[in-house]
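Chain by chain, the residues run as shown.
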Amino acid sequence: MAEADQQSETFPRQRSPYPADLTYHDLIARNRRNTWWLIAAMGVLTAAVAAAIAAAVMIYGTGVLTWQGFAIAVAAGLITFILASTWSYFAGGATLLRISGAKPIDKADDPQLYNVVEELAIAAGLPVPQIYLIPSAALNAFATGRDPEHAAVAITTGLRQKLTRDELQGVMAHEMAHIRHLDIRLTMMVATLVGLIVLACDVFLRAAFHSGRYRGSRRSRSGRRSGGGAGVLILVLIALVLAIVAPLLAKLIQMAVSRQREYLADAGAVELTRYPKGLADALRKLSADVTPLKQANRATAHLYIVNPFLNARQRQNLDSLFSTHPPIDERIRRLEALMR
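This one's a predicted model, so the numbers in the text were calculated from it and none came from an experiment.

K.L.:
Sorry if this is basic, but what is going on with helix H9 (residues 260-273) here?
P.N.:
Each α-helix winds once per 3.6 residues, and so residues spaced three or four apart point in a common direction. Compared with the 20 Å implied by 1.5 Å per residue over 14 residues, the 20 Å span of H9 between its first and last C-alpha is a close match. Listed in full, the buried residues belonging to H9 are Arg-261, Glu-262, Tyr-263, Leu-264, Ala-265, Asp-266, Ala-267, Gly-268, Ala-269, Val-270, Leu-272 and Thr-273.

K.L.:
I keep staring at the pattern of salt bridges and nothing clicks. Help me out?
P.N.:
Where charged atoms from two side chains of opposite charge come close, those side chains can pair. Applying the stated rule across the entire model yields 13 salt bridges. As a salt-bridge pair, Arg-146 and Asp-147 come within 3.9 Å of each other at their nearest N and O atoms. Owing to a relative accessible area of 12%, Asp-147 belongs among the buried residues under this scheme. Through salt bridges with shared partners, a single ionic network connects Lys-277, Asp-281, Arg-284 and Glu-336.

K.L.:
Quick question: what am I supposed to make of the pairing of strand S4 (residues 151-156) here?
P.N.:
It is a general feature of regular strands that their side chains alternate between the two faces of the sheet. Among the six residues that make up S4, six are buried, leaving the element largely enclosed by the rest of the structure. Of the strand pairs in this sheet, strand S2 (residues 130-134) and S4 are connected by five bridges, and their pairing is parallel. Following the sheet pairing, Tyr-132 is matched in S4 by Ala-154. Bridging between strand S3 (residues 141-145) and S4 involves five bridges; their strand directions are antiparallel. In the strand pairing of S4, Thr-144 is matched with Ala-152. The loop that links S3 with its antiparallel partner S4 comprises five residues.

K.L.:
What am I meant to see in helix H6 (residues 165-180) here?
P.N.:
Between its first and last C-alpha, H6 extends 22 Å over 16 residues, near the 22 Å set by a 1.5 Å rise per residue. Along H6, 14 of the 16 residues are buried, which leaves the element largely enclosed by surrounding structure. After H6 finishes, the residue Leu-182 shows a positive phi value of roughly 65 degrees.

K.L.:
For this particular structure, what's the right way to read the pairing of S3?
P.N.:
Of all five residues in S3, five are buried; the element is thus mostly enclosed. Residues Ala-141, Ala-143 and Gly-145 point to one face of S3 and Phe-142 and Thr-144 to the other, with burial holding for every one of them.

K.L.:
Looking at this model, I keep getting lost on the nonpolar core. Mind explaining?
P.N.:
The tendency in soluble globular proteins is for nonpolar side chains to be buried side by side. Counting 40 residues, the largest nonpolar core has Val-171, Met-172 and Leu-283 as the members making the most contacts within it. Broken down by secondary-structure element, the contributors of at least two residues to this core are helix H4 (111-124), S2, S3, S4, H6, H9, helix H10 (276-288) and helix H12 (328-337). Filtering out sequence-adjacent residues up to four positions away, Val-171 remains in contact with Ala-141, Leu-159, Leu-163, Leu-279, Ala-282 and Ile-305. Ranked by size, the runner-up nonpolar core spans 18 residues in total, among them Leu-38, Met-42, Leu-45 and Met-189.

K.L.:
Is there a simple way to think about the sheet that holds S2 in this case?
P.N.:
Whenever strands of a sheet pair, they do so through backbone hydrogen bonds, lying parallel or antiparallel. Taken together, the four strands give an open sheet; going across it, the order is S1-S2-S4-S3, and neighbouring strands pair in mixed fashion. At either end of the open sheet lies a strand with only one pairing partner, and these are strand S1 (103-104) and S3. In this fold helix H3 (residues 67-99) packs onto S2, S3 and S4, with an angle of close to 150 degrees to the strand it touches most, S3.

K.L.:
When you look at the environment of His-174 in this model, what are you seeing that I'm missing?
P.N.:
If you trace the backbone, His-174 turns up in helix H6. The exposure class of His-174 is buried, given its relative accessible area of 0%. Along the backbone, His-174 and Glu-271 are 97 residues apart, and their C-alpha atoms lie at a distance of 9.8 Å. The contacts of His-174, once residues within four sequence positions are left out, are Glu-262, Ala-265, Asp-266, Ala-269, Ile-305 and Arg-331. Within the structure, His-174 has its side chain in polar contact with the side chain of His-178 (distance 3.1 Å).

K.L.:
Mind showing me how you'd approach a nonpolar patch on the surface here?
P.N.:
A contiguous nonpolar patch, built from Val-241, Ile-244 and Val-245 and spanning about 260 Å² of accessible area, is present on the exposed surface. Along the chain, Ile-244 falls in helix H8 (residues 229-256). A relative accessible area of 63% means that Ile-244 is categorised as exposed.

K.L.:
So what exactly am I meant to see when it comes to the packing of H9 against H12 here?
P.N.:
The geometry of a pair of packed helices is captured by two quantities: the angle between their axes and the separation between those axes. Axis separation between H9 and H12 bottoms out at 11 Å; the angle between their running directions is 35 degrees. You can see that H9 and H12 cross each other, and the crossing is right-handed. Two secondary-structure elements touch here, H9 through Gln-260, Glu-262, Tyr-263, Asp-266 and Val-270 and H12 through Glu-330, Arg-331, Arg-334 and Leu-335. Of the residues belonging to the contact of H9 with H12, the class tally is three nonpolar, one polar and five charged.

Basis of the calculations
Residues numbered from 1 in each chain as written. Predicted model: local features only at pLDDT ≥ 70, side-chain atom pairs only at ≥ 80, totals over all residues. Heavy atoms only, no water. Helix = DSSP H or I, 4+ residues; strand = E, 2+ residues; numbered from the N terminus. Expected span 1.5 Å × (residues − 1). Buried < 20%, exposed > 50% of the residue type's maximum accessible area, 1.4 Å probe, protein only. Salt bridge = Lys/Arg side-chain N within 4 Å of Asp/Glu carboxyl O. Pairing = 2+ DSSP bridges. Core = buried A, V, L, I, M, F, W, Y, C linked by side-chain atoms within 4.5 Å. Contact = heavy atoms within 4.5 Å. Axes fitted to C-alpha atoms, helices over the stretch in contact; angles between N-to-C directions. Polar contact = N/O pair within 3.5 Å; in protein donor to acceptor, adjacent residues only side chain to side chain. Patch = residues over 30% accessible without salt bridge, like charges linked within 9 Å, V, L, I, M, F, W, Y side chains within 5 Å. Areas by Shrake-Rupley, 256 points an atom, 1.4 Å probe, with all protein chains shown as cover. Left-handed = near helix turned anticlockwise from the far one by under 90°. Nonpolar A, V, L, I, M, F, W, Y, C, P; charged D, E, K, R; others polar.

Without other data, these values stay purely geometric and don't point to any function.
Below you can see the structure in the form of structure tokens.
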């Protein structure tokens, strides 16, 4: 017993998952800076998309692009961005939980889960987050919220049923680490704003094709050429460019939520539990899961502990430039290195 106590006491010093000069305060400050940089980049991107749409509409309607109209369109885009950001900050977490179909539970509903989360909150020095269950047989979990005082953790019923207590503790510690690092604020903003940009581009594409077909049918019924053919062509071309670029931009923005954050959350889980094997074993079960998580979408995929769209082999080995999650095999390898 004395030897075990001594190993537990020395483990954090000998096997620290962080560089010696990196503290949690440094990590939180860096994440706050990254959040503001991302918000600034999203503001520029929103204004650019609004400007492109406004330019296309003006050319389509009048054949003329004026600087005054262009400036008004950019200002409208920035106002839309500010409103969307404010809404995301105060209501984004609740919206993401609704999208995922998560339902809040009380301590009487699952005492063991509540006890695990409460223990981890005490270890992390954080308030106990709200706990939700996602009605899905898929194996996954995520955390969300604007700060530790307004945080929530959600776990699928499938994952809850298949984990041992040690594995459950590892997964919940990973999500508590995201809360502790303030990753939840950044991922929530990304999910909301990426969804907004993709939706705007998609609506514009549909409107452009509808307008083109409408004007074409008018020409055919009248039996004569009418003006605006060049405007329609420009409108459709800009819409096509935005429709092609929007998914790519969405992926690039999601990459701003660096895969390193997942490694850091894994390391943070070890810092809280002192037991790397629990999370490693849970990740093995997650990697083998083949059940799709229907509640997930492109804008929310990066929230989850593992990518909800990939199959077992892809989760284990994928190391793509556009992947929002690191390969599970590599995550397990790093956790096992702490066990030696």
